[in-house]
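# Working through the structure, step by step
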Amino acid sequence: MGTGIARELSRYDLRVVLVEKRADVAFGTTKANTALVHAGYDAEPGTWKARLNVRGNALYPKVCSELGVAYKNTGSLVVALSEEQAVHLHELKARGETNGVPGLEVIPRERVLAIEPGINPNVVAALWAPTGGVTSPWELAIAYAENAAANGVELLLSSPVIGMDVRGGRVASVQSPGVVIDTRFVVNAAGIWADDIERMVGRDDFEITPRRGEYYLFDKRVGHLVSRPLFPVPSESTKGIVVAPTVDGNLIAGPNALIVGDKGDLATTAVGLAEVIDGARRLVPGLPVRESITNFAGLRAVAVPVGDFVIGASPGVPNFVNAAGIQSPGLTAAPAIAEAVRDILADAGLELTEKPEFNPVRGRPTRFAELSRDEQSALVEKNPLWGHIICRCETVTEAEIVEALHRPVPCTTLDGVKFRTRAGAGRCQGGFCGPRVVDIIHRELGIPMEQVTKKGGRSFVLSGPSKEPLLEQAACRCVNPSEQGECRIETRGREEVGGHAHRRV
Amino acid sequence: MRTVECDVAVVGAGPAGLAAAARAKQCGAGRVILMDRDRELGGILNQCIHNGFGLQLLSQELTGPEYAEHFICEAHDAGVETMLDTMVLEVTRGRHIVAVNRNEGLMQIDAKAVVLAMGARERNRGGVIIPGMRPAGVFTAGAAQRFVNMEGYMPGKRIVVLGSGDIGLIMARRLTWEGAKVEAVLEILPFPSGLTRNIVQCLNDQGIPLYLSHTVVDIHGEERVRGVTVARVDGDLRPIPGTEWDIECDTLLLSVGLIPENELTRDVGGELDPVTGGPVVTDEMETSTPGIFACGNVVHIHDLVDNVTREAWTAGEGAARLVSGQQPGGATIRTRAGDGVRYVVPQILHLDSLASRDVRLFMRATRPAERVQVEAVVGGEVVFSKFERVVRPAEMVVLTIPRGKVDPGKVSPNMAIPTTVSPDHAEGGPQPELVVRITPRDGDTAAEGGRKA
Amino acid sequence: MSRETSELTCIVCPVGCRLRATVEDGQLVEVQGNSCKRGAAYALDELCAPKRTVTSTVRVDGGFLPLVPVRTSEPVPKDKISQVLLDIARIKVKAPVRIHQVVAADVAGTGIDIIASRSMGRANAPRAE
């Protein structure tokens, strides 16, 4: 979201700063959703969701082509497993047509089974939406951010916004630890934290309720089980549990939906995962759980009481623009949200003078795994690091990892490398390449091994060099521990204090 | 892309590949190329710095690196050519291998025989579905082992180990010996998965508690592991509500099984055994694709490296025989796991081999048992049996059938015998089988020899 | 005259006989449950003078890898293990290292050496000759 808006604004002669609290872009909900480009029949006509879904969908081919991001226009199906459900299909079709979705068609059972042989044989009919598709959400965010950076946007990562200065009813500056940014406009694209950000300018127009969705990701070996996203007939609140291919060839199932109280509650649960498999099996009975390679959860940013996207200048603070509550179809709408926010900023007084030197193109990073043998050969001759495979599951070379660590958007974490190169995203989930990638990050960026993180903050992969714990314990000279307050000794067993364990001598 | 020709190409230079390559050369194969994706030979043995290797074959309790060095020297002495830092990208049915490394770039290796020895990978969190947060600090035991023993870094300070497989047990001790605190080892089954000696030396010695019939049901911590919730499980291995308790820790090690690494085998389209996860092989260790052999963990997960070496010697001999045009042909018989046996390798035996040499069968028991007979049965008749004082699933059972024990005449006559090894079965009449079973034996202690039912 | 009976699992071979052994004044008085003589010997050792082979790693200067695996040349008394590990933690060797080279003699006063479990060459050679 934020990256898309920043890139849109980088077309113009403006000074733009993108402030992100986590260590990398895409580390919020962007990395944990179904990765679908929706056709647009779900949303209530007249809402932001409806308008921007359809507009965004139409923009996807161009945006992904410009930015070198994978996108597959697979079409999608809403599957009716009973006559009752089949009635809903026509309602969805009508709603979609009102929203401007092209090509919708209710197709009979035989046609569904012909194009999706793995589908539940009890299928009665399905709504075929030719404009549906799949993409890679984190690739898109990273590509947006890289293109924005290439066009002059400044990126501040690991920079949580802790306050804002409002003077005369307008935002004057944004504060993050160690930095104050004087600004004429602020765009709030803070995901599940958007209400906390809004409160910093003294407004309380909406609240973000996190609604968690859990997922199963399956091995590429079963990626062929479906060819396009399969939806159940939707309920009041959720599109339901989907089975879809990913753009990389895996299979994904999910999400369920549960409101959680804590914005950090990204845990998967036994009950939730069982729900996902249950729902997924209703669509694809042959889904093999044993081919699961990982599970994860993401938080939808649901704006209450609004129910729709919250897009617009904040009433009362005209230079503070919200792009909040971006739950589904947020990913699809992203390119259109960027345009909408740009227009809102223009209305609010931001001059938009196009930069002649703006370059919309960001080349797709070369992936060894996607090349022909001849192309692969040629690359290794130029640079031997292309001949050193680090991630065996996804066939990722050292050259790609090194390159990812030196691109315009800083990448310093294991997950950052994973999202840029696929190293660690395969069936062994980093078991083989993990140690090697940590080493490469350490070498290329000069970060000590024990400070390399999985995803920023304190997510250190390692605790420290071996031998040190033993040497620390030996060096401890506590004589009168309780007095000193430094260490405590338990006479029985060992007690761990201050990072090392004691044994009474 | 340049092309290299050789007699035998071996993929993977761990204990299986090393032994297969050396033996192939010793048996007369001309050019033998041994490839590995790591920076040196030895495979997983390089990081297995604990001792216990080679008790049977070398009458010593060597560390992994020592065992490796022994066989590395043998391979070098035999004249095996090696390629390091080399990743095999594909293998075809026609035995063309595409591989890549920094120096040569992409290359094609055309071999008369290929031996697959890629070993296994570890089952990870996704494979056992542990709900909870996804912080840093969750490792498979082998990945942690690599960090500690090869890079010199600790995964954490307070460790919980899920799984009492050998790798988990070894790492529990290793981390304790490096100053970490291992809080507990949890095992979902009602009996330990690893070797008894490891339970004693890794857990009991260190005072590390082992909780059988327990598993991890939740992982806490947003950035780094803060703790885990564990629970007792019932007879169906499902967590029992109300039995949960928390263990504070900063690291969770997963030792929940090894999976034969068969991507390349799948590419070739060979028949896989659904129980072992590896290719179906003959007594020559040949897969269902002619000319492609396999040995070691890639065929079935071993616990004693000595057995890996033995199996690899068989593969190396088989490959050399193929190169010299002396492969056994003729009728085959399939093995089958009977009562008390989980699987048997090899799955296909040449009647010629059974007649002319001792044939070694590897198997695993389905559950621990004491005082049993391990029996090989053909056509309802016990052709060979062996007494075992104790069998455990964790400890592979070897049954060596002396040559001549299986009378070809007794094997069902009305079968259309395939002369090549293929998954297609004979027509007409029941497929002849050699069933291996483990049955309790009460009474006297007299042991070996065949006996008629 | 102290007589002590203990139960232990023999680990000499995979059978893992459950032993019941009685020891008095450093002599094995009785042992039950063993299937072979080695079991009896193990019981005596384990109850009177338990020993373990200690394996670990030491840092290498200028070597192909940062660590070289080591082992005690013989099993050391169990109660010396902590000290042995500490002594090992303080060792640093220079490449090249030959397999079974002594990297520290008489560790923790046991009279037993720490030896390398593999050979290691300098920067570009995995194994030196």
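Keep in mind it's a predicted model, so treat the numbers as computed, not measured. (Residues numbered from 1 in each chain as written. Chains lettered and ligands numbered in written order. Predicted model: local features only at pLDDT ≥ 70, side-chain atom pairs only at ≥ 80, totals over all residues. Heavy atoms only, no water.)

## Focus on the state of the cysteines
Selection rule: Any two cysteine sulfur atoms within 2.5 Å of one another count as a disulfide. Relative accessibility under 20% of the residue-type maximum defines a buried residue, over 50% an exposed one, and the middle range a partly exposed one, all with a 1.4 Å probe and only protein chains included.
Evaluated as defined, the whole model comprises 0 disulfides over all chains. Unpaired in terms of disulfides, Cys48(B) finds its nearest cysteine sulfur in Cys202(B), a separation of 12 Å. On the basis of relative accessible area, Cys48(B) is assigned to the buried category, the value being 10%. We note that Cys17(C) lacks a disulfide partner, and the nearest cysteine sulfur, in Cys10(C), lies 6.1 Å from it.

## Regarding the interface of chain B and chain A
Here is the rule we go by: Note on definitions: a residue-residue contact is assigned when non-hydrogen atoms from the two residues lie within 4.5 Å. Buried area counts how much accessible surface, traced with a 1.4 Å probe, disappears from two parts once they are put together, with both parts' losses summed. Each reported salt bridge corresponds to a side-chain nitrogen of Lys or Arg within 4 Å of a carboxyl oxygen of Asp or Glu. What qualifies as a polar contact is a pair of N or O atoms within 3.5 Å, subject to a donor-acceptor requirement within protein and to the restriction that residues adjacent in sequence count only when both atoms come from side chains. The helix count covers DSSP runs of H or I at least four residues long, the strand count covers runs of E at least two residues long, and both are numbered beginning at the N terminus.
With 51 residues of chain B at the contact, the number on the chain A side is 61 residues. In this assembly, chain B packs against chain A so that about 4700 Å² is buried in total across both faces, 55% of it on carbon and sulfur atoms. The salt bridge involving Glu178(B) is made with Lys467(A); its shortest N-O contact spans 2.7 Å. Inspection of the chain B/chain A interface yields 22 residue pairs in polar contact (both at pLDDT 80 or more). The set of elements that each furnish at least two residues to the side of chain B that touches chain A consists of β6 (87-91), β7 (96-101), β8 (105-116), α3 (125-128), α4 (141-151), β11 (153-154), α5 (166-177) and α7 (263-268) of chain B. Here the element with the most residues in the side of chain B that touches chain A is α4(B); it accounts for 5 residues.

## Some thoughts on helix α1 (residues 15-26) of chain B
An α-helical turn contains 3.6 residues, so any two residues separated by three or four positions project in the same direction. All names here are of chain B. Selection criterion: Working rule for helices: expected span equals 1.5 Å times residues minus one.
End to end, α1 covers 16 Å across 12 residues, agreeing with the expected 16 Å (1.5 Å per residue, within 8%). Buried residues of α1: Pro15, Ala16, Gly17, Leu18, Ala19, Ala20, Ala21, Ala22, Arg23 and Ala24, and no others. Packed against the buried residues of α1 are β1 (2-11), β2 (32-35), α2 (64-78), β8 and α8 (305-323). Note on α1: the residue one or two positions beyond its end, Gly28, has a positive phi of about 105 degrees.

## Let's talk about the pattern of salt bridges
If you walk through the whole model with that rule in mind, you get 81 salt bridges over all chains. Between Glu61(B) and Arg197(B) there is a salt bridge, with the nearest N and O atoms lying 2.9 Å from each other. Placement of Glu61(B) in the loop between β3 (51-53) and β4 (62-63) and of Arg197(B) in helix α6 (residues 196-204) is noted, with a sequence separation of 136 residues between them. Residue Glu284(B) pairs with Arg321(B) through a salt bridge whose shortest N-O separation is 2.9 Å. Taken together, the residues Glu284(B) in the loop between α7 and β20 (292-294) and Arg321(B) in helix α8 connect sequence positions 37 residues apart. Each member of the salt-bridge network shares a partner with another, and the members are Glu139(A), Lys220(A), Asp248(A), Arg364(A), Arg367(A), Glu370(A), Glu394(A) and Arg422(A).

## A word on the interface of chain C and chain A
With 9 residues of chain C in contact, the opposing surface of chain A contributes 7 residues. A per-residue breakdown of the area chain C buries against chain A is headed by Arg59(C), Leu86(C) and Ala89(C), which together make up 61% of the total. Linking chain C with chain A are 0 salt bridges. Remark: the boundary between chain C and chain A carries 3 residue pairs in polar contact (both at pLDDT 80 or more). Going through the elements one at a time, β5 (55-61) and α2 (81-89) of chain C are the ones with two or more residues in the side of chain C that touches chain A. The greatest single-element share of the side of chain C that touches chain A, amounting to 5 residues, is contributed by α2(C).

## Topic: the environment of Trp313(B)
Residues and elements named next belong to chain B. Residue position: Trp313 is located in helix α8. Linking Trp313 and Ala21, residues 292 residues apart in sequence, is a C-alpha distance of 8.4 Å. In this structure, Trp313 is in contact with Ala19, Arg23, Leu57 and Phe71, ignoring residues within four places of it in sequence.

## As for the sheet that holds strand β15 (residues 214-220) of chain B
Residues and elements named next belong to chain B. Condition: In this description, strands pair whenever DSSP reports at least two bridges between them. Axis definition: a line fitted to C-alpha atoms, over the contacting stretch in the case of helices. Angles run 0 to 180 degrees between N-to-C directions.
Ordered in space as β15-β16-β17, the 3 strands form an open sheet in which the pairing is antiparallel. Either end of the sheet is taken by a strand with one partner, and the two such strands are β15 and β17 (245-248). The sheet shows a mean angle of 30 degrees between the axes of neighbouring strands, direction not considered.

## Details of the domain arrangement of chain C
Many structure descriptions define interface size as the accessible area lost when the parts assemble. As a reminder, the rule being used: Domain delimitation follows an automatic or database domain assignment.
Taken domain by domain, chain C comprises domain 1 (3-49) and domain 2 (55-116). When each unit is reduced to the centre of its C-alpha atoms, the spacing between domain 1 of chain C and domain 2 of chain C is 30 Å.

## As for the environment of Val409(A)
Residues and elements named next belong to chain A. Within the fold, Val409 resides in the loop between α10 (398-404) and α11 (414-421). For Val409, a relative accessible area of 0% translates into the label buried. Separated by 264 residues in the primary sequence, Val409 and Ala145 place their C-alpha atoms 6.7 Å from one another. In this structure Val409 touches Asp24, Val25, Ile142, Ala145, Glu146, Leu155 and Arg420, once residues within four positions along its chain are discounted.

## Points about the sheet that holds strand β21 (residues 332-337) of chain B
All names here are of chain B. Sheet architecture is open: 5 strands sit in the order β23-β21-β28-β25-β26, paired in mixed fashion. Edge positions in the sheet fall to β23 (348-350) and β26 (381-391), since each has one partner strand and no second. Neighbour-to-neighbour, the strand axes of this sheet turn through a mean angle of 25 degrees, independent of strand direction. In terms of strand pairing, β21 meets β23 through 3 bridges, oriented antiparallel. Bridge pairing in β23 places Ile333 opposite Leu349.

## As for the packing of aromatic side chains
Put simply, the test is: Working definition: a ring pair exists when centres of Phe, Tyr or Trp rings (six-membered ring for Trp) sit within 6.5 Å. Plane angles under 30 degrees give stacked, over 60 give edge-to-face, the rest tilted. Each ring is checked for a lysine NZ or an arginine CZ that lies within 6 Å of its centre and within 35 degrees of its normal; such an atom marks a charge sitting over the ring.
According to the stated counting rule, one finds 8 aromatic pairs over all chains in the structure shown. Note on Trp138(A) and Phe419(A): the rings are 5.1 Å apart at their centroids and 40 degrees apart in plane angle, and the pair reads as tilted. Placement of the pair is Trp138(A) in helix α5 (residues 137-150) and Phe419(A) in helix α11, with a sequence separation of 281 residues. For the residue pair Trp138(A) and Phe419(A), the accessibility class agrees, reading buried in each case. Ring geometry for Phe139(B) and Phe147(B): centres 6.1 Å apart, planes at 85 degrees, overall edge-to-face. The exposure class assigned to Phe147(B) is buried, which follows from its relative accessible area of 2%. Pairwise contacts between aromatic rings join Phe27(A), Trp138(A) and Phe419(A) into one cluster. Above the face of the Phe432(A) ring, Arg436(A) is positioned so that its terminal group lies 3.9 Å from the ring centre.

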